[in-house]
Each structure stands twice: as C-alpha cells, then as structure tokens.
Amino acid sequence: MDERQRFWSETARGLTPYVPGEQPKTGRYVKLNTNENPYPPSPRVLEAIAREVSAALRLYPDPDALLFKSAVSEAHGVPVSSVFAGNGSDEVLAHAFCALLKHDRPLLFPDVTYSFYPVYCGLYGIDYRTVPLTERFEIRVEDYAVPNGGVIFPNPNAPTGCLLSLDKIEWLARQNADSVLVVDEAYVDFGGKSAIPLTRRHSNLLVVQTLSKSRSLAGLRLGFAVGHPDLVEALERVRNSFNSYPLDRLAIAGGAAAMADRRYFEETRDRIVRSRERLFRELVSLGFSVLPSAANFLFATHPERPARSLLGALRERGFLVRHFDRPRISGYLRITVGTEEECEGLVATLREILAPQKQEDPPHGR
Ligand SMILES: *Cc1c(COP(=O)(O)O)cnc(C)c1O
C-alpha cells in the first residue's frame with residue numbers, strides 16, 4: 001500500500017473523484033470552460049443577500065429552506081411538498097443516487113454524458129451500465145426500456161447540448177414504471193421545455209435543476225428537485241443523515257430572490273440564446289462541425305485541427321474552453337457561450353489560429 005494512504009479508509013482509496021473545470025486564480029482568461037453565466041446575478045439577488053448579512057448569521061438557517069422552496073414552488077406551479085433543495089444540484093443528484101437509484105439492477109445512463117454520474121456510482125457502490133448514444137449523439141429512449149434500477153440523463157445532454165423532446169421523456173417515464181427516471185435539467189432554460197409538469201402524472205419522475213447556469217449563481221450553490229412527495233421524502237431522509245443545513249442563510253435569501261425575478265432571468269437567457277446562435281454560425285463558417293445545442297454551450301469539432309491543439313492555442317491567447325479526453329468525444333471542444341464581446345473575441349482568435357501559415361515572403365532581388 002502507498003505509504004501516504006495508510007490512514008485512508010477503503011472507501012477513500014477506491015474513489016475516482018470528479019475533476020471540475022479549471023477556475024484560474026487570475027482574471028487574465030476569458031472563461032468559457034465551465035458553463036457559468038457571463039452575466040451577473042439579478043440586482044435583487046444581491047440586495048436580498050446584503051439584507052441577510054447581519055448578526056442573525058450566528059443562528060442556523062432554516063433547515064427546510066422554506067423561503068427558497070416556496071419561490072421554486074411559485075415559479076413552477078408545484079406544491080412545496082414536491083420540492084427538494086440542496087447545496088448545488090450536484091448535491092441534489094448525489095442524494096438522488098443514494099436515495100432512489102441504488103438497487104439490485106443496474107442504473108442506466110448514456111455513454112457520453114455528465115461525468116459526475118459514474119463518480120456517484122463509485123461513491124455509493126451502485127452498479128451501472130452505459131447506453132450508447134446514436135451516431136448523432138442522440139438519446140434513443142427505446143434503449144432504456146429494459147429492466148433497470150433507474151435511469152438518469154441530462155436534458156439537454158451534457159456535454160453535447162442535444163435535446164430530447166418531452167414526448168419521449170414521458171414515454172420513457174411510462175415504460176419505466178418500476179424504477180425512477182431522473183432528468184437533470186441543468187441547461188433546460190436555454191432551449192428546452194422542462195419536464196416538471198410531467199411530475200404530477202408520473203410518480204417515478206424526478207426533475208433536477210440548478211441556479212448555477214441560467215440564474216448566474218454558480219458561486220452561491222443552489223439546486224433543487226421536483227417530484228412526487230414520496231420521492232422528496234427519500235431525499236430528505238438522506239439529507240438529514242448527512243447535513244441538515246445544506247443551504248445557508250445567504251443562499252436561501254439570494255435563491256428566493258433569483259427565482260422571483262423572472263424578467264431579469266428571461267432577459268439574460270435571451271441574450272445568451274442569441275449569442276449561441278451567432279457563435280454557432282461563426283464556428284460553422286470557420287469549418288467546425290457543431291452539434292445543435294439547446295444549452296449555453298456548443299460542442300464543436302474541427303476536421304483538420306485536433307481539439308487538444310486548439311485547446312492549447314486558445315489557452316495561450318487567453319481563452320479557456322473544455323476538452324474531454326474520452327472515447328467518442330476527444331475530437332470535440334465544449335465552448336461556453338459568453339457575452340457578445342467574448343464570443344467575438346473567441347471567433348477572431350480562432351480565425352487567427354486556423355489561418356493557413358503565411359508563406360515566407362519571397363526573397364527580393366539577389
Ligand atoms: C453544471 C451541472 C450540474 C451541477 O450544477 P451545480 O452547480 O452543482 O448546481 C449538474 N448537472 C449537469 C449536467 C451540469 O452541467
């Protein structure tokens with residue numbers, strides 16, 4: 001055994017942790033690598049947090065985060081008893097893996113998807129099987145209609161951005177009546193329809209969302225799930241066996257304000273969608289092949305330049321994007337949609353990187 005590991009539990013030794021995208025310590029990069037929102041949170045969020053910064057911080061927060069859950073309930077037209085809140089949707093997902101997706105039969109998820117899923121399976125000892133996406137990186141729901149211990153995928157999927165229709169999700173929820181279907185809607189606000197309304201009809205459907213992307217609050221750590229109260233109860237049991245106060249006072253106040261400010265949310269979202277469509281066209285004109293995206297990122301490959309070399313060339317010029325060295329997708333870059341100026345800067349830089357090397361000037365005279 002490695003000497004440094006002598007005090008480690010077998011659990012700690014057996015883990016293969018998730019590796020998040022780089023968070024540089026200096027501001028010298030344009031960050032298009034972790035799908036953060038390029039716009040600041042709503043001013044109302046900052047006001048609500050400022051009001052909450054007081055002597056009351058000596059007191060524990062509301063363990064039920066009722067103010068935040070009520071705002072989610074209001075925004076989505078669902079009862080508070082159908083809402084579960086957590087410290088980022090990663091935590092909500094972790095609890096879902098433990099509370100709802102660990103069974104004798106294997107959990108199913110796509111071969112190309114959010115790379116945290118196999119990590120949770122490792123942590124909780126969940127048996128899983130990956131289901132290949134089609135050639136065009138689409139989820140074929142028929143492939144999931146087999147005996148399983150649960151099904152999970154993001155919609156739109158990550159890191160591809162491909163969207164699955166609600167009809168297909170409902171079909172699968174119906175086919176899959178004996179296990180839970182978790183739909184991770186981290187990016188749904190940028191181009192999809194939420195499956196939340198379907199949770200009324202399907203007691204095996206859990207929909208997970210985050211405030212990190214479309215509400216510009218990655219730094220505050222807020223996520224939630226909507227589903228039948230019986231599913232929510234299982235999540236609450238796990239939460240209360242782990243950390244009863246996952247949302248602090250600032251997060252509860254800020255999260256509630258973010259959910260309530262629909263106008264600001266729609267404005268910033270629409271700007272990102274417009275920038276995405278424009279960036280899509282620009283990348284295509286530079287020779288990239290780009291998957292259709294319903295998210296706040298594009299997944300693109302260049303027929304002549306390996307993704308890894310583009311990644312390095314962009315980095316040297318101050319742009320961070322994400323590359324996954326994994327089967328099927330190692331030729332792709334995942335590029336977060338930034339502000340209009342950031343996208344223009346990226347396109348100009350790529351044009352420079354991709355320009356054919358200038359011929360040496362021919363020698364003059366003799
Ligand atoms: C970003 C992301 C999440 C997690 O977001 P949190 O910041 O933990 O709320 C979950 N699922 C997918 C697919 C994501 O891309």
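For the structure itself, consult the block above.
Values in this document were obtained by computation on a predicted structure and should not be read as measured data.

Engineer: Can you walk me through the environment of Ala258 in this structure?
Structural biologist: Checked against the element boundaries, Ala258 lands in helix H8 (residues 249-260). According to the relative accessible area criterion, Ala258 is buried, its value standing at 5%. Taking C-alpha positions, Ala258 is 8.2 Å from Leu211, a pair spaced 47 residues apart along the chain. Every residue in contact with Ala258, bar those within four places of it in the chain, is listed here: Val45, Leu211, Arg215 and Leu217.

Engineer: Any chance you could explain the sheet that holds strand S8 (residues 223-226) here in plain terms?
Structural biologist: Sheet strands associate in pairs through backbone hydrogen bonding, adopting either a parallel or an antiparallel arrangement. One open sheet holds the seven strands; their spatial order is S2-S8-S7-S6-S5-S3-S4, and the pairing between them is mixed. Pairing within the sheet leaves two strands with one partner each, and these edge strands are strand S2 (83-86) and strand S4 (128-131). Strand after strand, the sheet turns through a mean of 20 degrees between neighbouring axes, direction not considered. Here two bridges tie strand S3 (residues 107-110) to strand S5 (residues 150-154), and the two strands are oriented parallel to one another. Counterpart to Leu107 in the pairing with S5 is Gly150. Docked against the sheet, helix H6 (residues 166-175) engages S5 and strand S6 (181-184), running at close to 155 degrees with respect to S6.

Engineer: Could you clarify how one ought to interpret the environment of Gly27 in this entry?
Structural biologist: When you line up the elements, Gly27 lands in the loop between helix H1 (10-14) and strand S1 (30-31). Assessed through its relative accessible area of 79%, Gly27 is described here as exposed. Remark: the alpha-carbon pair of Gly27 and Gly318, spanning 291 residues in sequence, is separated by 9.8 Å.

Engineer: Quick question: what am I supposed to make of the packing of aromatic side chains here?
Structural biologist: The way to describe two aromatic rings as a pair is by their centre distance and the angle between their planes. Following the criterion strictly, the structure yields 15 aromatic pairs and no others. With a centroid separation of 4.3 Å and 5 degrees between ring planes, the pair formed by Phe116 and Tyr120 is classed as stacked. Placement of the pair is Phe116 and Tyr120 together in helix H5 (residues 116-124), with a separation of four residues, close to one helical turn. For the pair shown, Phe116 and Tyr120 are each scored as buried. Ring centres of Phe137 and Tyr332 lie 5.6 Å apart, and the angle between their planes is 85 degrees; this geometry places the pair in the edge-to-face category. A residue pair is termed long-range when its members are at least 10 positions apart, and Phe137 in the loop between S4 and S5 and Tyr332 in strand S12 (residues 332-336) qualify at 195 residues. With a relative accessible area of 13%, Tyr332 lands in the buried category. Through pairs of rings, three or more aromatic residues link up here, namely Tyr18, Phe97, Phe109, Tyr114, Phe116, Tyr117, Tyr120 and Tyr128.

Thresholds, definitions, all that
Residues numbered from 1 in each chain as written. Predicted model: local features only at pLDDT ≥ 70, side-chain atom pairs only at ≥ 80, totals over all residues. Heavy atoms only, no water. Helix = DSSP H or I, 4+ residues; strand = E, 2+ residues; numbered from the N terminus. Buried < 20%, exposed > 50% of the residue type's maximum accessible area, 1.4 Å probe, protein only. Contact = heavy atoms within 4.5 Å. Pairing = 2+ DSSP bridges. Axes fitted to C-alpha atoms, helices over the stretch in contact; angles between N-to-C directions. Phe/Tyr/Trp six-rings, centres within 6.5 Å; stacked < 30°, edge-to-face > 60°.

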